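Close look at the chain arrangement
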Number of protein chains: 2
Amino acid sequence: MQFPSITPPDQQAHREAVARHEQLTKPPGSLGRLEELGVWATACQGACPPHPFVRPQVVVFAGDHGIAAHGVSAYPSEVTQQMVGNFLSGGAAVNVLAAVAGASVRVVDVAVDCDPATDAGPPLVTRHKVRRGSGAIHLQDALTDAEVIQALDAGVTIADEEVDRGADLLIAGDMGIGNTTPAAVLVAALTGSEPVAVVGRGTGIDDPGWMRKTAAIRDALRRARPLVSDPLALMRTAGGADIAAMAGFLAQAAVRRTPVILDGVVVGAAAMLAEELAPGARQWWAAGHRSVEPAHTLALEHLELTPILDLGMRLGEGSGAVAALPLVQMAVRVLAEMATFADAGVAGPAGAPLPTG
Amino acid sequence: MQFPSITPPDQQAHREAVARHEQLTKPPGSLGRLEELGVWATACQGACPPHPFVRPQVVVFAGDHGIAAHGVSAYPSEVTQQMVGNFLSGGAAVNVLAAVAGASVRVVDVAVDCDPATDAGPPLVTRHKVRRGSGAIHLQDALTDAEVIQALDAGVTIADEEVDRGADLLIAGDMGIGNTTPAAVLVAALTGSEPVAVVGRGTGIDDPGWMRKTAAIRDALRRARPLVSDPLALMRTAGGADIAAMAGFLAQAAVRRTPVILDGVVVGAAAMLAEELAPGARQWWAAGHRSVEPAHTLALEHLELTPILDLGMRLGEGSGAVAALPLVQMAVRVLAEMATFADAGVAGPAGAPLPTG
């Protein structure tokens, strides 16, 4: 799997957006992070002033994990498949948030543990399916080498499909009972962290569950740690088909020069892998939020991304990224629509009188 | 000036919203702050499930401050009037953010230093005008006793006008060159803080300006400190007509059982006064953001409100509150629109299998 080398967002548009901010009717820098986000989005679009994003697209990557049968989650694996149905009928949190934010939601079954013959959804959901669940990573590999490539390819293809259909901003979301365990292992491996530094409560496990999860992370990490310089081997050993597909999706978004808002810890782990596979891809990403999962903070630091929101969220599905989308739209529209000092006949700071007091 | 006693948001609706969150297809608590905000909004609306806010209204209170002629701001006072025109033509930051968030913006000239005969705007803007600028508070009172009452009444009347026109969520914004100086003095007086603990860069003053501003805060605070138990006297001595009007507006919103999203330091100072005048009003307010002005953090701590956003903003105009509005709408719509476990046929955490690993 070889990604083309990533070119950065447009530096000329970046400079023009910085200069334009100085002309808008507000004190320079007074919109804080919104100014930085607007500059980033302008650079990604490649022209200043930027335009509002017209087709933000969320793709939820659903997959089960063998580890879920070993007491690391508060929920049974069946919930993954049930939630795919919930996404399709519009009842999940990300559907509601996306409706407010003006984004569309697509769900893809990458590795849900259900029978394609009897439980399959529409082709848009199932056509990229790699397998039924990924291996229990504290005991065995998550995937075969061939499945890693197949999952990455699925993510690349999905990114291409969405960009070709007109998506101008992409968000990856995760759905999979047990998926914070492989995410924590991947983050621990790539940041050189210990199990206790990455383990979190996930969907809300109790103390015995937390101990089982920490032990599972420890066992999987023992197998993954030696492979830290080989992202494909890492995905095979301690990842999952959904996570590999997200990594392909995030890397391909950068190849296609399409900005991404990142979600929480599972997407964060996939993003770290994508940055390994396609160095520089992170320039095309903004961090939507900081989740309460400890591994997410490590992932954000590793990627050198500062989250927009910090609301104690820990749901996944892309929800934290979608929650940040209106702020990204505001950031873009400020550059696109605000009056300049000249337009509005407003005196700038250079016109300040000499102090008299 | 006597406000009716404030009744809290509906506790039955609050309990129902908490219970409903447990039934929605997500792990309990996994939406973090969004869950709390949804519960708060439901209690304010008085019925569960809540409905999306259909007419959020921003009111920008414009007023000049005599202190601005004494070198405490990077901008000349004329900018206040010029910006009123910019709000009316839709070119200011808050106009753009409100368009994204689905809010309307009204600007009111409470104390702009312009001639009502020649420079007046439409009646909706000018009919509540109290005076041309407020006094230079390091040297003299900001207002007379009668003007304090007139300004508070203006704020009350504006809140009533907006609620009567159908507004179901209110946001106060500030516009006034020099207004962070009285705001800092008021916060210092009400929290027992020193000038260096409350002084900020405002629109972006340089180091000599910062020193002048700190000295002005010190001088005004010397006059204001003895009056800390008398909010009307505090407004007269160290406030301003715009700030007093905002205090009346925020208190009256609570009287009218209409929720408010608070903005930055100037609104924060007005909110502290409103809470003094109408104890319990703060239960009707959410803090939209934390500005970089140090006095704002003190005000939020005093009001025991946790900001939704922390984006390094320092513009005023209501911009930080409007930036948070989509998150409040998301919080409400989650409760209104998400599927329950029963609706969606999704297994809850009680259905988790016994751990086998």
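A few points on the structure.

Parameters at a glance
Residues numbered from 1 in each chain as written. Chains lettered and ligands numbered in written order. Predicted model: local features only at pLDDT ≥ 70, side-chain atom pairs only at ≥ 80, totals over all residues. Heavy atoms only, no water. Helix = DSSP H or I, 4+ residues; strand = E, 2+ residues; numbered from the N terminus. Rg over C-alpha atoms; globule rule 2.2 N^0.38 Å. Buried < 20%, exposed > 50% of the residue type's maximum accessible area, 1.4 Å probe, protein only. Contact = heavy atoms within 4.5 Å. Buried area = accessible area lost by both parts, 1.4 Å probe. Salt bridge = Lys/Arg side-chain N within 4 Å of Asp/Glu carboxyl O. Polar contact = N/O pair within 3.5 Å; in protein donor to acceptor, adjacent residues only side chain to side chain. Nonpolar A, V, L, I, M, F, W, Y, C, P; charged D, E, K, R; others polar. Least-squares fit on C-alpha atoms with pLDDT ≥ 70 in both. Axes fitted to C-alpha atoms, helices over the stretch in contact; angles between N-to-C directions. Parallel < 35°, antiparallel > 145°, perpendicular 65-115°, else oblique. Left-handed = near helix turned anticlockwise from the far one by under 90°. Core = buried A, V, L, I, M, F, W, Y, C linked by side-chain atoms within 4.5 Å. Pairing = 2+ DSSP bridges. Expected span 1.5 Å × (residues − 1). Disulfide = S-S within 2.5 Å. Arc of directions from axis to C-beta. Phe/Tyr/Trp six-rings, centres within 6.5 Å; stacked < 30°, edge-to-face > 60°.

So, the overall build of chain A
When its secondary structure is counted, chain A shows 16 helices and 5 strands. Against the 2.2 N^0.38 benchmark of 21 Å for 357 residues, chain A shows a C-alpha radius of gyration of 21 Å, consistent with a compact globule. Summarising its shape, the C-alpha atoms of chain A cover approximately 75 × 45 × 40 Å along the three principal directions. Out of the 357 residues belonging to chain A, those deemed buried represent 62%.

As for the interface of chain B and chain A
Across the boundary between the two partners, chain B contributes 63 residues, which contact 63 residues of chain A. Here chain B meets chain A over a buried area of about 4900 Å², counting both sides, of which 69% is carbon and sulfur. The three residues of chain B that bury the most area against chain A are Y75(B), L311(B) and M330(B), which together make up 13% of that side's buried surface. Inspection of the chain B/chain A interface yields 0 salt bridges. If you look at where chain B meets chain A, you find 13 residue pairs in polar contact (both at pLDDT 80 or more). Tallying contributions element by element places helix 14 (residues 319–337) of chain B first for the side of chain B that touches chain A, with 10 residues. The class makeup of the residues in the side of chain B that touches chain A is 38 nonpolar, 18 polar and 7 charged.

Some words on the pattern of salt bridges
By the definition in use, this model includes 46 salt bridges over all chains. The residue R106(A) makes a salt bridge to E161(A) at a minimum N-O spacing of 2.9 Å. Of the two residues, R106(A) is situated in strand 2 (residues 104–111) and E161(A) in helix 7 (residues 145–164); the sequence distance between them amounts to 55 residues. Each member of the pair, R106(A) as well as E161(A), is classed as buried. E162(B) serves as the salt-bridge partner of R55(B), at 3.9 Å between the closest nitrogen and oxygen. Highlighted residues: R55(B) in the loop between helix 2 (33–45) and strand 1 (56–63) and E162(B) in helix 6 (residues 145–164), separated in sequence by 107 residues.

Some words on the side chain of Q252(A)
Among the structural elements, Q252(A) can be located in helix 12 (residues 241–255). Excluding residues within four positions of it along the chain, Q252(A) makes contact with F3(A), V156(A), A159(A) and D160(A).

Section: the relation of the copies chain B and chain A
Superposing chain B onto chain A takes a rotation of 180 degrees plus a shift of 0.0 Å along the axis, which leaves an RMSD of 0.0 Å. What the rotation and shift describe, once combined, is the action of a two-fold rotation axis.

Here we look at the packing of helix 13 (residues 265–277) of chain A against helix 14 (residues 294–303) of chain A
Residues and elements named next belong to chain A. Close contact between helix 13 and helix 14 brings their axes to 9 Å; oriented N to C, the two are set at 30 degrees. Compared by their axis directions, helix 13 and helix 14 come out roughly parallel. At the point where helix 13 passes helix 14, the crossing takes the left-handed sense. Facing helix 13, whose interface residues are V265, G268, A271, M272, E275 and E276, helix 14 presents A295, H296, A299, H302 and L303. Split into classes, the residues belonging to the contact of helix 13 with helix 14 amount to 6 nonpolar, 3 polar and 2 charged.

Some remarks on the nonpolar core
Counting residues in each nonpolar core, the largest one holds 260 residues, and the members touching the most others are L250(A), W285(A), L250(B) and W285(B). The contact partners of L250(B), leaving out residues within four places of it in the chain, are A172(B), V260(B), L262(B), V267(B), A270(B), A271(B), A274(B) and W285(B).

Focus: the pairing of strand 3 (residues 169–175) of chain B
Residue and element names in this part refer to chain B. With respect to burial, strand 3 is a largely interior element, 7 of its 7 residues being buried. Here 7 bridges tie strand 1 to strand 3, and the two strands are oriented parallel to one another. The residue bridging A62 from the neighbouring strand is M175, located in strand 3. With 2 bridges connecting them, strand 3 and strand 4 (residues 260–262) associate as parallel partners. Bridge pairing in strand 4 places L170 opposite V260.

Concerning the sheet that holds strand 1 of chain B
All names here are of chain B. On the basis of which strands lie adjacent, the open sheet formed by 5 strands has the order 2-1-3-4-5 and parallel pairing. Of all the strands in the sheet, the pair left with one neighbour each is strand 2 (104–111) and strand 5 (285–287). Within this sheet the neighbouring strands show an average axis-to-axis angle of 25 degrees, counted without direction. Pairing of strand 1 with strand 2 involves 7 bridges; the strand directions are parallel. Note that in strand 2 the partner of V59 across the bridge is R106. Contacts between helix 11 (residues 241–255) and the sheet are confined to strand 1, strand 2, strand 3, strand 4 and strand 5, with strand 3 contributing the most and set at about 170 degrees to the helix.

A few points about helix 2 of chain B
Along an α-helix, a turn takes 3.6 residues, which lines up residues three or four apart on a common side. Counted at 1.5 Å a residue, the expected span for helix 2 of chain B with its 13 residues is 18 Å, and the 18 Å between its end C-alpha atoms agrees. A large share of helix 2 of chain B lies buried, amounting to 11 of its 13 residues. Taken residue by residue, helix 2 of chain B has R33(B), L34(B), E35(B), L37(B), G38(B), V39(B), W40(B), A41(B), T42(B), A43(B) and C44(B) as its buried positions. Of the surrounding elements, those touching the buried residues of helix 2 of chain B are helix 4 (93–101) of chain A together with helix 1 (11–23), strand 4, strand 5 and helix 14 of chain B. Positive backbone phi, approximately 85 degrees, marks G46(B), located one or two places after helix 2 of chain B.

Considering the state of the cysteines
Note on terminology: a disulfide is the covalent bond linking the sulfur atoms of two cysteines. In total, this model carries 0 disulfides over all chains according to the counting rule given. Sulfur of C48(A): no disulfide; nearest cysteine sulfur belongs to C44(A) and is 13 Å away.

Notes on the sheet that holds strand 3 (residues 169–175) of chain A
All names here are of chain A. Judged by pairing direction, the sheet is parallel, and its 5 strands sit side by side in the order 2-1-3-4-5 without closing on themselves. A strand with exactly one partner marks an edge of an open sheet, and here the two such strands are strand 2 and strand 5 (285–287). Direction aside, the axes of adjacent strands within the sheet are offset by 25 degrees on average. Bridge count for strand 4 (residues 260–262) against strand 5 is 3 bridges, and the pairing is parallel. Looking at the pairing, V260 lines up with W285 of strand 5. Docked against the sheet, helix 13 engages strand 3, strand 4 and strand 5, running at close to 120 degrees with respect to strand 3.

Some details on helix 1 of chain B
Residue and element names in this part refer to chain B. Along its 13 residues, helix 1 runs 19 Å from first to last C-alpha, staying within 8% of the 18 Å computed at 1.5 Å per residue. When we look at burial in helix 1, the residues that qualify are A13, A17 and H21. On an axial view of helix 1, the arc spanned by its buried residues comes to 85 degrees, and they lie on one face. In this structure, the buried side of helix 1 is in contact with helix 2 and helix 14. With a side-chain oxygen lying 3.0 Å from the backbone nitrogen of Q12, the N-terminal cap of helix 1 falls on D10.

Details of the packing of aromatic side chains
Residues and elements named next belong to chain B. All chains considered together, the criterion is met by 2 aromatic pairs over all chains. With a centroid separation of 5.1 Å and 70 degrees between ring planes, the pair formed by F61 and F249 is classed as edge-to-face. On the criterion of sequence distance, the pair formed by F61 in strand 1 and F249 in helix 11 is long-range, its members being 188 residues apart. F61 gets classed as buried once you look at its relative accessible area, which sits at 0%. Given the relative accessible area of 0%, F249 is considered buried.

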